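Observations on the model geometry
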Amino acid sequence: MALLTWSDKFSVQVRQFDEEHKQLMNLINQLHDAMKAGQGKQVIGDVLNGLIEYTRRHFAAEDRLMKAQGYPGYENHKKEHNQLTMTVMDFQKGFAEGSAILSQTVMTFLRDWLTNHIQGVDKEYGPFLNGKGIT
Ligand code: FEO
């Protein structure tokens, strides 16, 4: 069973970001599947790198749009992005230097962080951006 499943409750009412959030969920599911299947370190490392790269691009896209539109929650939101980026880079470093598996704790953290972030601060920008004609 997938670790994360998209549903309407995750919609932020901005199409581009809904699509990107779906892709992030797919990547976290792929990472989870690769670990459950006992894939080698190279495979898991590649999936983890892909997840981090995609996350960085997604955060940058949200940051850019919030800033360009003068969104009042921009600074706080960007801070959450920066914190998560630092945390996952620590995971990546630990993984590269150590064991060939990521713990269930890491997967649970990623799942919970993503769902809480989307349903929290991400959803908050929806009405503001919709008001600017961005849907
Ligand atoms: Fe969709 Fe703020 O990350």
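For the structure itself, look to the data block above.
Everything in this summary refers to the structure shown in the same document. (Residues numbered from 1 in each chain as written. Predicted model: local features only at pLDDT ≥ 70, side-chain atom pairs only at ≥ 80, totals over all residues. Heavy atoms only, no water.)

Let's shift gears to the overall build of the protein chain. When helices and strands are tallied, the protein chain shows four helices and zero strands. Starting at the N terminus and ending at the C terminus, the protein chain contains elements arranged as α-α-α-α. Rg of the C-alpha trace for the protein chain: 15 Å, near the compact-globule value of 14 Å for 135 residues, within the 12% margin. Along the first, second and third principal axes, the C-alpha atoms of the protein chain reach 45 × 30 × 20 Å. By residue count, 41% of the 135 residues in the protein chain fall in the buried class. Of the contacts formed within the protein chain by residues at least 6 apart in sequence, a portion of 76% connects residues at least 24 apart. Accessible surface for the protein chain amounts to roughly 7400 Å². Of this, 51% is attributable to carbon and sulfur atoms. Charge centroids of the protein chain, computed over 15 positive and 16 negative side chains, lie 1 Å from each other. (Helix = DSSP H or I, 4+ residues; strand = E, 2+ residues; numbered from the N terminus. Rg over C-alpha atoms; globule rule 2.2 N^0.38 Å. Buried < 20%, exposed > 50% of the residue type's maximum accessible area, 1.4 Å probe, protein only. Contact = heavy atoms within 4.5 Å. Areas by Shrake-Rupley, 256 points an atom, 1.4 Å probe, with all protein chains shown as cover. Lys, Arg positive; Asp, Glu negative; His and termini not counted. Charge placed at Lys NZ, Arg CZ, Asp CG, Glu CD.)

This next bit is on the packing of helix α1 (residues 15-36) against helix α4 (residues 104-131). The N-to-C vectors of α1 and α4 enclose an angle of 175°; their axes lie 11 Å apart at closest approach. It follows from the interaxial angle that α1 and α4 lie roughly antiparallel. Contacts between α1 and α4 pair Phe17, His21, Leu24, Met25, Ile28, Leu31, His32 and Met35 from the former with Gln104, Met107, Leu110, Leu114, Ile118, Asp122 and Tyr125 from the latter. In the contact of α1 with α4, the residues fall into eleven nonpolar, three polar and one charged. (Axes fitted to C-alpha atoms, helices over the stretch in contact; angles between N-to-C directions. Parallel < 35°, antiparallel > 145°, perpendicular 65-115°, else oblique. Nonpolar A, V, L, I, M, F, W, Y, C, P; charged D, E, K, R; others polar.)

A word on the environment of Phe10. Residue position: Phe10 is located in the segment before α1. Residue classification places Phe10 among the buried residues on the basis of a relative accessible area of 5%. In this structure the C-alpha to C-alpha distance between Phe10 and His117, which are 107 residues apart in sequence, comes to 9.9 Å. Residues within four places of Phe10 in sequence aside, it is in contact with Thr5, Asp18, Met25, Thr115, Ile118, Gln119 and Lys123.

The subject of this paragraph is helix α3 (residues 74-97). Between the first and last C-alpha of α3 there are 35 Å, a value that for 24 residues agrees with the 34 Å anticipated at 1.5 Å per step. Along α3, the residues that are buried comprise Tyr74, His77, His81, Leu84, Thr85, Val88 and Phe95. (Expected span 1.5 Å × (residues − 1).)

With that out of the way, let us pick up the side chain of Ser11. Among the secondary structure elements, Ser11 is positioned in the segment before α1. Residue Ser11 is classed as buried on the basis of its relative accessible area of 11%. Within polar-contact distance, the side chain of Ser11 engages the side chain of Asp18 at 2.8 Å. Apart from the residues within four sequence positions on either side, Ser11 is in contact with Trp6, Asp18 and Lys123. (Polar contact = N/O pair within 3.5 Å; in protein donor to acceptor, adjacent residues only side chain to side chain.)

For the rest of this paragraph, the subject is α4. With 28 residues, α4 extends 40 Å from end C-alpha to end C-alpha; this agrees with the ideal 40 Å at 1.5 Å per step. The axis of α4 is deflected most strongly, by about 40°, at Asp122. (Bend = angle between axes of the 7 residues up to and from the residue.)

Attention shifts here to unusual backbone geometry. For Gln13, which is not glycine, the phi dihedral falls at a positive 70°. With respect to the helices and strands, Gln13 occurs in the segment before α1. Since its relative accessible area comes to 49%, Gln13 is described here as partly exposed.

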